[in-house]
Amino acid sequence: MLTKEQNDTLTLTGPGTPMGELLRRYWVPALLAAELPQPDCPPVRVKLMSERLVAFRDTQGRLGLVDEFCAHRGVSLWFGRNEENGLRCPYHGWKYDVTGQCVEVPSEPAESGFCKRMRLKSYRLVERGGVLWAYMGPPQDEPPLPELEWATVPDTHRYVSKRLQECNWLQAMEGGIDSSHVSFLHKFNLHNDSWLGNARSAQYLADARPQFEVVESDAGLLIGARRNAEDGHYYWRITQWIMPWYTIIPPFGTASLGGHAWVPIDDENCFTWSMNWHPARPLTEAELAPMRAGKGIHCELIPGTFRPRANRDNDYLMDRRAQQEGRSFSGIDGISLQDASIQESAGRIQDRTRENLVSTDNGIIMARRRLLRAVKALQAQGTPPPAREPLHQRVRSASIVLPRDVAFKEGAREALVAHPDTAPVSI
Ligand code: FES
Ligand SMILES: [Fe+2]
């Protein structure tokens, strides 16, 4: 349970809020690269942490992320013309380059120098791993570019999607940390889902009462779920939580790795990013086809939008019959929408003053503490938060059998490092 103040600190991310300041110290997944496919393509509205922005790719392919509203009389530059190395406001023709600098005010004589004094707020936007990343913090604090494994493998080795989630980022992310819901919410999906394949782990998963152990890592947390295996051994499924909003799901067999990011749009909405990647080989057509069709951790969207086809307005196409007949535990189809439906059902911002936590919520408790600690350290001493360093981002999840007397963090130490071009340790 949290106090109202703690809940506000953790959930509110607008400019000037403590968490907003913390999150702005990281590179933020802002758009799929495919949303700005070529030079001079249409600009895209982007809302991040309650800031309304517009992104565009100029004639030379340079990326811009600037205030959505024109410095003249405040109309949306989404309506603008993206031409000749700048975005031109369609109202009176003021034009801006990718840095937000106004480069032309047609009504004023060029020699007046007026346009030089006009500038839009702008942020750095870079392309990496199929994603456009924004940095919205103080320029002098900009961290190295992200080196999360999925963002550094060749394009052929990765599939990334994003979907709108209509609730605060924290409760969505807490769903990703909370491994204990898998045995319930996703109960009937585990054994028929394509990414489980015919992994040997299926036999261990029969142990339906995993024990959870959570330990701190440099990047965030390691969440170990332990099940009984052969004599004297445990089967460990180890999830990575990487600050501030990434998880990596433990793999099954030879399948690709999967992971998520939860990025606040505003306090009541976030984007849930879902990635699959294999560090050592291209994804096969047999793997990609279901991902594109919205299976596994991805989801079917309303064409032309990032809103899921099954959403709060249609009760997520809940199938009570499937629920009654034991074909689906929750009645909602697909893992990602099972998560979305249940997380959104707690309200736009969950009231954590009314929750009652149990031992399996330990990962969530530790993640909140870690975030609050980082907020305090940034506020008090200006300490940059954890996991901005490439070394701390080059990590993986693993599924591994270890002797019972070996601590999982030690036994799996090498398996948890993202060594380039090597397959994940996975059973
Ligand atoms: S409002 Fe943009 S040019 Fe006038
Ligand atoms: Fe889930």
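Our structure is the block above this text.
The shown structure was predicted, so the numbers you read here are calculated from the model rather than taken from an experiment.

(A) Focus on the pattern of salt bridges. Across all of its chains, the model carries 33 salt bridges by this definition. Arg-57 is paired through a salt bridge with Glu-127; the nearest N and O atoms lie 3.1 Å apart. Here Arg-57 is found in strand β3 (residues 51-57), whereas its partner Glu-127 is found in strand β9 (residues 122-128), with 70 residues between them in sequence. Residue Arg-128 pairs with Glu-147 through a salt bridge whose shortest N-O separation is 3.6 Å. Highlighted residues: Arg-128 in strand β9 and Glu-147 in the loop between β10 (131-135) and α3 (149-152), separated in sequence by 19 residues. A single network of salt bridges, built from pairs that share partners, joins Arg-81, Glu-83, Arg-88 and Glu-104.

(B) Main features of the coordination of the iron ion (ligand 2). The protein atoms that coordinate the iron ion (ligand 2) are His-181 (NE2), His-186 (NE2), Asp-339 (OD) and Asp-339 (OD), at distances of 2.0 to 2.5 Å. Around the iron ion (ligand 2), the four donor atoms sit at angles spanning 57 to 149°, and that spread fits a shape best called irregular. Within one chain, the residues donating to the iron ion (ligand 2) are spaced in sequence as H-x4-H-x152-D. Of this pair, His-181 sits in the loop between α4 (169-177) and α5 (202-205) while Asp-339 is found in helix α8 (residues 335-344), placing the two residues 158 residues apart along the sequence. For Asp-339, a relative accessible area of 13% translates into the label buried.

(C) Up close: the packing of helix α1 (residues 4-11) against helix α9 (residues 362-381). The interhelical angle for the contact between α1 and α9, taken along N-to-C directions, is 80°, at an axis separation of 10 Å. One way to sum up the angle between α1 and α9 is to call them roughly perpendicular. Across the interface between the two elements, Gln-6, Thr-9 and Leu-10 from α1 touch Arg-368, Leu-371, Leu-372 and Val-375 from α9. For the contact of α1 with α9, the class distribution of residues is four nonpolar, two polar and one charged.

(D) Focus on the state of the cysteines. Considering all chains together, one arrives at zero disulfides under this definition. A disulfide-free cysteine, Cys-299 has its sulfur positioned 12 Å from the sulfur of Cys-270, the nearest such atom.

(E) View of the packing of α4 against α9. Look at α4 against α9: their axes get within 9 Å of each other, and the N-to-C directions meet at 135°. Between α4 and α9, the crossing angle belongs to the class labelled oblique. As α4 runs across α9, the sense of the crossing is right-handed. Taking contact as the criterion, the partners of Trp-169, Leu-170, Met-173, Glu-174 and Ile-177 in α4 are, on α9, Gly-363, Ile-364, Ala-367, Arg-368 and Leu-371. Taken together, the residues of the contact of α4 with α9 sort by class into seven nonpolar, one polar and two charged.

(F) Focus on the nonpolar core. Grouped together as the largest cluster of nonpolar side chains are 72 residues, with contacts concentrated most on Trp-150 and Leu-371. The element that contributes the greatest number of residues to this core is α9, accounting for seven residues. With sequence-adjacent residues up to four places away left out, Leu-371 is seen in contact with Leu-10, Met-19, Leu-22, Trp-169, Leu-170, Met-173, Trp-241, Met-243 and Pro-244. With 15 residues, the next largest nonpolar core counts Phe-56, Leu-87, Val-98 and Val-105 among its residues.

(G) Just the sheet that holds β10, in detail. Judged by pairing direction, the sheet is antiparallel, and its six strands sit side by side in the order β1-β10-β9-β4-β3-β2 without closing on themselves. The two strands at the open ends of the sheet, each matched to only one other strand, are β1 (27-32) and β2 (44-48). Between one strand and the next, the sheet's axes are offset by a mean angle of 35°, whatever the strand orientation. Of the pairings in the sheet, the one linking strand β4 (residues 63-67) to β9 comprises two bridges and is antiparallel in character. If you follow Leu-65 over to β9, its bridge partner there is Tyr-123.

Criteria and thresholds
Sequence positions are assigned chain by chain, starting from 1 and proceeding in written order. Naming scheme: in the order in which they are written, chains are lettered from A and ligands are numbered from 1. At least 70 in pLDDT is required for a residue's local features to be given in this predicted model, at least 80 for side-chain atom pairs to be given and counted, and no such filter applies to totals for whole chains, interfaces and linings, which use all residues. Water and hydrogen atoms were dropped before computing side-chain values, which therefore reflect all heavy atoms in the structure. Salt bridge criterion: a side-chain nitrogen from Lys or Arg within 4 Å of a carboxyl oxygen from Asp or Glu. Numbering of helices and strands starts at the N terminus; helices are DSSP runs of H or I of at least 4 residues and strands are runs of E of at least 2. Distances up to 2.8 Å from the metal define which N, O and S atoms are donors, and 3.2 Å serves for Na, K and Ca; water is absent from the atom set, so sites may look incomplete. Under the classification used here, a metal with four donors is tetrahedral if each angle lies between 85 and 135 degrees, square planar if opposite donors are over 155 degrees apart and the others between 65 and 115, a six-donor metal meeting that same test is octahedral, and anything else is irregular. Working definition: with a 1.4 Å probe on protein chains only, accessible area under 20% of the residue-type maximum means buried, over 50% means exposed, and in between means partly exposed. Axes here mean lines fitted to C-alpha atoms, for a helix over just the part in contact, with angles spanning 0 to 180 degrees between N-to-C directions. Here is the rule for angles: anything less than 35 degrees is roughly parallel, anything more than 145 is roughly antiparallel, 65 through 115 is roughly perpendicular, and the remaining ranges are oblique. Pairs of residues are marked as contacts when any of their non-hydrogen atoms sit within 4.5 Å. Under the convention adopted here, Pro, Cys and the residues Ala, Val, Leu, Ile, Met, Phe, Trp and Tyr are nonpolar, Asp, Glu, Lys and Arg are charged, and Gly plus all remaining residues are polar. Cysteine sulfur pairs qualify as disulfides if the two atoms are within 2.5 Å. Helix crossings fall into two classes, left-handed where the near helix is turned counterclockwise from the far one by less than a right angle and right-handed where it is turned clockwise. To define a nonpolar core, start from buried Ala, Val, Leu, Ile, Met, Phe, Trp, Tyr and Cys residues and group those joined through side-chain atoms within 4.5 Å. By the convention used here, strands pair only if DSSP detects at least 2 bridges between them.

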